[in-house]
Amino acid sequence: MSVFREHKSIADRSAADRQRHKHLIDRAIKDSIHDVIAEESIIGQSGNKKIKIPVRGIKEYQFIYGNNEKNKRVASAGDHDIKPGDQIGKKKPQQRPRTGDDEGEEIYEVEVNLEELAEYLFADLNLPDLEKKKFKFVKEKTLKRKGFRKKGIQPRLSKRETLKRRIRRKNAAIKAGSYDPEGDERFPFHKDDLKYKNLKARVKESSSAAVFFMMDVSGSMGKNKKYLARALFFLLYQFLRHRYENVEVIFISHTVSAKEVSEQDFFTRGESGGTKMSSAVELGLEIIEKRYHPSSWNIYTFYCGDGENWPDDDPKALEMLERLNELAQLVCYTEVVTAGDHRRREFLFGSDPSTYGLWDRLEQLAGDSLKRSRISTKDEIWPLFKRLFGGDTK
Amino acid sequence: MKDWTVKSLQEWDKKICESGRKFGLDWYPIDYEIINYHEMIGAMAYLGLPTHYRHWSFGKLFEQTHTRYNLGMEGLPYEMIINSNPSIAYLMAENPLSTHLLTMSHCLGHSDFFKHNRMFINTDADNSLVRFKSAAKRINKYMEDPSIGAEKVERILDAAHAIKYQIPRTPERKRRTHKEMLDFYKEVIRDDKTGKYKDFDIERIPLRPDYNLLAFITEHSRNLEEWEKDVISIVEYESHYFVPQAHTKIMNEGWAVFFHEKIMHDLNLPPKLHIPFLKLHNQVVRPHIGRVNPYHLGYKLFKKIEEEQGLEACFVAREVHDDVSFIRKHLDQKMCQELNLFSYSFKKTRKVNTIDEISDKEGWASVRNNLLKTVGLNSVPVVCVDNLDRKSHTLYLQHEHDGRDLDIPYANKVLEYVADLWGDEVKMYSTLEDEPWEF
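Below: a short report on this structure. Numbers given for residues are sequential positions, taken from 1 along each chain in its written order. Working convention: letters from A go to chains and numbers from 1 go to ligands, in the order in which they are written. Per-residue local features of the predicted model are confined to residues with pLDDT of at least 70, and side-chain atom pairs are confined, for both listing and counting, to 80 or more; whole-chain, interface and lining totals are unaffected and use all residues.

**Regarding the overall build of chain A**
Here is step 1: Across its full length, chain A carries ten helices and 13 strands.
Here is step 2: Between the buried cut of 20 or more and the exposed cut of 12 or fewer other C-beta atoms within 10 Å of a residue's own C-beta lies the partly exposed class, and all C-beta atoms are placed from the backbone. In chain A, buried positions account for 30% of the 394 residues. Runs of H or I in DSSP of at least four residues are treated as helices and runs of E of at least two as strands, each being numbered from the N terminus.

Now the structure itself:
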């Protein structure tokens, strides 16, 4: 004889394990995003373009046989007529080739747009705890509809609400027997029926930012370095766009002289010639003076170069940077340095890499609002970004 | 709405048990837990075990199962029974009476199979539930221990799960430790008169290839703490418990279907119960196109044995066979053809699955042989410990190549896990595209 037990639902036993699984998925997405931010395919994209993020899954790996001709499997064909050589199943969609992935590795793909990507990225940073002073907001008053009120001006009369009240009153009157709907008598509006749309003033923190991207486009900035700069700029732009409602971007490229260029030219056009960083900063200052007054614009400037400024330009560049620092929320000086550069510089300047160039001299200026940094691979972009906005003063 | 009460189930149970006994079934007593859909999915996620240790993979299993039912990829869950004495089975409260009757008849078959099939002789059905409960408690204790914590326990579980199927595949006597093996071989060598053991390397660890990776690691790792060894042994125990079921999936399901059909017919159900039963039964035994439905295949084979040799031969088969020997002995060309089985493989050049052989005169034997390679644990590659370098403490694993190449990215991941457990270097040898391959 068997036993039957009916039991009332107790605690949901899998809840904790489900939550943990979900947590692992979220983490995988975040990790993958950090890999993806420096990918060519997303940089320069804008708007709601969907980006597929490959998430290396929450998989349980075991020894398995590969999917190939030696690994034959068996299945039933039901009533279907079959013969050897028939193809079954659909052709597998070609996976986007990605570096570093071995063939056969299954990847979950999560689709997000740039907005969500930014959410994911910047949620990680605990934004509210970031240095608040880097973001100042101009307060702005706007009016917004909110609810209804009894008194108001004629244009704001809500016909719908007014009518609703009349109907309600009419139905009540019919119920109470004080009004006969079959009769000829009209059921007029009453003063109490009138409802006006209410407007409420809302103080909104609106904000504008002018973002200056400056880059050395002289011969020494190779394709790879430009790519790194571009990845960094893209991330910065996304971040500021996430933060400020109105963001204007100014691109300044320079060799010995600087000019304002389009985004396209900024990233693609290279020029030969020497390097005078001061020219770019000077042009930046001019533009700020003309178009972006610091009292209503938050100014961010990011400079990318390879650190090979002409030594006789250094004092001027420093002076300009100092002036810029007084106006801007953040002045960021970044050197893109690859391994080969180190060797070359060692040869030129001696073994201590800090004995040359602006880098060394910037140390005294560096602080909360002026930051210097170096990157050499795309893996360093995200950590650098966190350092820029995470309050580290170096 | 509900067309049954616990009392009515008890009455039907009496009839079902009577009928089962009449056919010669002999099962462990069964405890039925009546639970709702959510709990049913939960029970399935934890492999039916009433208490089980925590791990995110079960949360994942829950979501997957739930999604599959939600999307209608599968019908409603109706049966789940575990190998223990008494056997615990689940009835989903949302199901109608006719489904319960089928489930209960079906469970007699399973429980009979657990009790009598030779693959299960070492599963210790009397104590398994207690051991799972104790395992869950210990894992919980480690997770709550401030000096250990959930993350560390999870790391060990993640790694141990990766090689949980790398254990011996036949029922075996208790694993012998290295020292016991050493004593055994010393004796063998001492008494050896044939000269066969003249060159036997008594210094080697292991003395013969060890197929129990988890046990070998706990025994020989010099980096594992006691609690870690315990966690690994918990995973190993569970594998030993489930391996017989993996080996007999087709037989076990076939046997249960074979008997629920007999019992249900024997009950002489009124049409309002019999017709829904037939509908569900046909759902269960229908061929799955593009796959092999174990319920269908096992059921067909038992039917065939009954027709050709009588019911008694079926009882013998359920006792002595596992899926491999069962299929090898009883799946003939006629049956292959009837089931319209074919073998296929993935053609790299065309990037598509292509049919290789069908069950005609020329092809059927090869179809059957390919099927044998994928039933039971034959779909899991065999990896054993070949050698442990005493100096460097490097662990050398060997994949026993049977013509099928390993999936390399997966193998690399698994080896990372093994190295994580082992704590020293791990190497593995295999064959890839007919060339030796070293991981």
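Continuing now.
**So, the overall build of chain B**
Here is step 1: The number of helices and strands found in chain B is 17 helices and nine strands.
Here is step 2: When the 439 residues of chain B are sorted by exposure, 42% land in the buried category.
Here is step 3: Taking all contacts inside chain B whose residues are at least 6 apart in sequence as the whole, residues at least 24 apart take part in 73%. What counts as a contact is two residues whose backbone-derived C-beta atoms lie within 7 Å of each other.

**Side note on the packing of helix 14 (residues 323-330) of chain B against helix 16 (residues 364-372) of chain B**
Residues and elements named next belong to chain B.
Here is step 1: At their nearest, the axes of helix 14 and helix 16 sit 10 Å apart, and the two run at 170° to each other. Regarding the angle of helix 14 to helix 16, the classification is roughly antiparallel. Residues Val324, Ile327 and Arg328 of helix 14 form the contact with helix 16, whose own contacting residues are Arg368, Leu371 and Leu372.
Here is step 2: Grouping the constituent residues of the contact of helix 14 with helix 16 by class yields four nonpolar, no polar and two charged. Axis definition: a line fit to C-alpha positions, over the contact stretch in the case of helices; interaxial angles, taken between N-to-C directions, run 0 to 180 degrees. For classification, angles of less than 35 degrees are called roughly parallel, those exceeding 145 degrees roughly antiparallel, those between 65 and 115 degrees roughly perpendicular, and all remaining angles oblique. Three classes are used: nonpolar for Ala, Val, Leu, Ile, Met, Phe, Trp, Tyr, Cys and Pro, charged for Asp, Glu, Lys and Arg, and polar for all others, with Gly counted as polar.

**Brief notes about the interface of chain B and chain A**
Here is step 1: With 71 residues of chain B in contact, the opposing surface of chain A contributes 50 residues.
Here is step 2: The residue inventory of the side of chain B that touches chain A, partitioned by class, reads 36 nonpolar, 17 polar and 18 charged.
Here is step 3: Two strands qualify as a pair provided DSSP detects at least 2 bridges between them. Here two bridges tie strand 4 (residues 87-88) of chain A to strand 5 (residues 352-358) of chain B, and the two strands are oriented antiparallel to one another. The residue of strand 5 of chain B that forms the bridge with Gln87 of chain A is Thr354 of chain B.

**Observations regarding helix 1 (residues 6-23) of chain B**
Here is step 1: Its 18 residues place the ends of helix 1 of chain B 25 Å apart at the C-alpha level, agreeing with the 26 Å of an ideal helix rising 1.5 Å per residue.
Here is step 2: Turning to helix 1 of chain B, its buried residues are Leu9, Asp13, Ile16, Cys17, Ser19 and Gly20 of chain B. Within helix 1 of chain B, the buried residues cover an arc of 165° as seen down the axis, which keeps them to one side. Away from its buried face, by an angle of more than 90 degrees, helix 1 of chain B presents the exposed residues Lys7, Ser8, Glu11, Lys14, Glu18, Arg21 and Lys22 of chain B.
Here is step 3: Buried residues along helix 1 of chain B sit against strand 1 (3-6) of chain A together with helix 4 (97-116) and helix 10 (249-266) of chain B.
Here is step 4: Backbone geometry just after helix 1 of chain B places Gly24 of chain B at a positive phi near 100°. Here the expected length of a helix is defined as 1.5 Å per residue gap, with one fewer gap than residues. An arc is given here, and it is the one of the directions from the helix axis to the C-beta atoms.

**Concerning unusual backbone geometry**
For residues that are not glycine, phi is negative in most cases, and the peptide bond is trans in most cases.
Residue and element names in this part refer to chain B.
Here is step 1: Residue Asn85 is joined to Pro86 through a cis peptide bond whose omega torsion reads 0°.
Here is step 2: Take Pro86: it is sitting in the loop between strand 2 (81-82) and strand 3 (87-92).
Here is step 3: Its identity as a non-glycine residue notwithstanding, Asn268 has a phi of 50°, on the positive side.
Here is step 4: Among the structural elements, Asn268 can be located in the loop between helix 10 and helix 11 (271-284).
Here is step 5: Here Asp434, not a glycine, exhibits a phi torsion of approximately 65°, which is positive.

**What to know about the nonpolar core**
Here is step 1: For this analysis, nonpolar core means a set of buried Ala, Val, Leu, Ile, Met, Phe, Trp, Tyr and Cys residues linked through C-beta atoms within 7 Å. Core analysis: the biggest nonpolar cluster contains 112 residues, and Ala160, Val231 and Val414 of chain B have the highest contact counts within it.
Here is step 2: Discounting chain neighbours no more than four positions away, the residues touching Val231 of chain B are Ile139, Tyr142, Val153, Ile156, Leu157 and Ala160 of chain B.
Here is step 3: If you look at the next biggest cluster of nonpolar residues, it comprises 55 residues, including Met221, Leu228, Tyr292 and Ile299 of chain A.

**Considerations on the sheet that holds strand 1 (residues 30-35) of chain B**
Here is step 1: In spatial order, the strands read 1(A)-1(B)-3(B)-2(B); together these four strands make up an open sheet with mixed pairing. The open sheet terminates on both sides in strands that have one partner only, identified here as strand 1 of chain A together with strand 2 of chain B.
Here is step 2: Where strand 2 of chain B lies against strand 3 of chain B, two bridges are found, and the strand directions are antiparallel. Note that in strand 3 of chain B the partner of Ile82 of chain B across the bridge is Ile88 of chain B.

**Some words on the environment of His110 of chain B**
Residue and element names in this part refer to chain B.
Here is step 1: Inspection of the secondary structure puts His110 in helix 4.
Here is step 2: Once the C-alpha coordinates of His110 and Trp255 are considered, the two residues, 145 residues apart in sequence, prove to be 7.2 Å apart.
Here is step 3: When sequence neighbours within four positions are dropped, the list of residues in contact with His110 reads Ile81, Asn252 and Ala256.

**Observations regarding the packing of helix 10 of chain B against helix 12 (residues 294-309) of chain B**
All names here are of chain B.
Here is step 1: In contact at an axis separation of 7 Å, helix 10 and helix 12 are set at 70° when each is read in the N-to-C sense. The orientation of helix 10 relative to helix 12 falls into the category roughly perpendicular. As for the relative orientation of helix 10 and helix 12, their crossing is right-handed in sense. Along the contact surface, helix 10 presents Lys249, Ile250, Met251, Glu253, Gly254, Trp255, Val257 and Phe258, while helix 12 presents Pro294, Tyr295, Leu297, Gly298, Tyr299, Leu301, Phe302 and Lys303. It is the rotation of the near helix from the far one that decides the hand of a crossing: anticlockwise by less than a right angle makes it left-handed, clockwise makes it right-handed.

**Description of the pairing of strand 12 (residues 330-336) of chain A**
All names here are of chain A.
Here is step 1: Counting buried positions along strand 12 yields seven of seven residues, so the element is predominantly enclosed.
Here is step 2: Burial along strand 12 is two-sided: the residues Leu330, Cys332, Thr334 and Val336 and Val331, Tyr333 and Glu335 are all buried.
Here is step 3: Judged from the six bridges that link them, strand 11 (residues 298-305) and strand 12 form a sheet pairing that is parallel. Looking across to strand 12, one finds that Cys304 is bridged to Thr334.
Here is step 4: A crossover counts as right-handed when, viewed with the strands pointing away from the observer, the path leading from the first strand over the helix to the second turns clockwise. Regarding the hand of the β-α-β motif, the stretch spanning strand 11, helix 7 (residues 314-327) and strand 12 is right-handed.
Here is step 5: Across six bridges, the pairing between strand 12 and strand 13 (residues 370-375) is parallel. Bridge pairing links Tyr333 to Arg372 in strand 13.

**A word on the environment of Tyr292 of chain A**
Residue and element names in this part refer to chain A.
Here is step 1: Assignment of secondary structure puts Tyr292 in the loop between helix 6 (277-291) and strand 11.
Here is step 2: Between the alpha carbons of Tyr292 and Glu248 there is a distance of 9.6 Å; along the sequence they are 44 residues apart.
Here is step 3: In this structure Tyr292 touches Ala210, Ile287, Trp297 and Ile299, once residues within four positions along its chain are discounted.

**Thoughts on the sheet that holds strand 3 (residues 73-76) of chain A**
Here is step 1: Read from one edge to the other, the open sheet built from four strands follows the order 3(A)-4(B)-5(B)-4(A), with strand pairing classed as antiparallel. The open sheet has two free edges, formed respectively by strand 3 and strand 4 of chain A, since each of these has just one partner strand.
Here is step 2: Two strands pair when backbone bridges link them, and strand 4 (residues 341-347) of chain B and strand 5 of chain B are joined in this way by six bridges, in the antiparallel orientation. Bridge pairing links Phe342 of chain B to Ile358 of chain B in strand 5 of chain B.
Here is step 3: Along the sheet, helix 16 of chain B contacts strand 3 of chain A together with strand 4 and strand 5 of chain B; its crossing angle with strand 4 of chain B, the most-contacted strand, is approximately 70°.

**Brief notes about the environment of Asp124 of chain B**
All names here are of chain B.
Here is step 1: Structurally, Asp124 is set in the loop between helix 4 and helix 5 (128-144).
Here is step 2: Judged by C-beta crowding, with 16 C-beta atoms within 10 Å, Asp124 ranks as partly exposed.
Here is step 3: Separated by 39 residues in the primary sequence, Asp124 and Asn85 place their C-alpha atoms 8.8 Å from one another.

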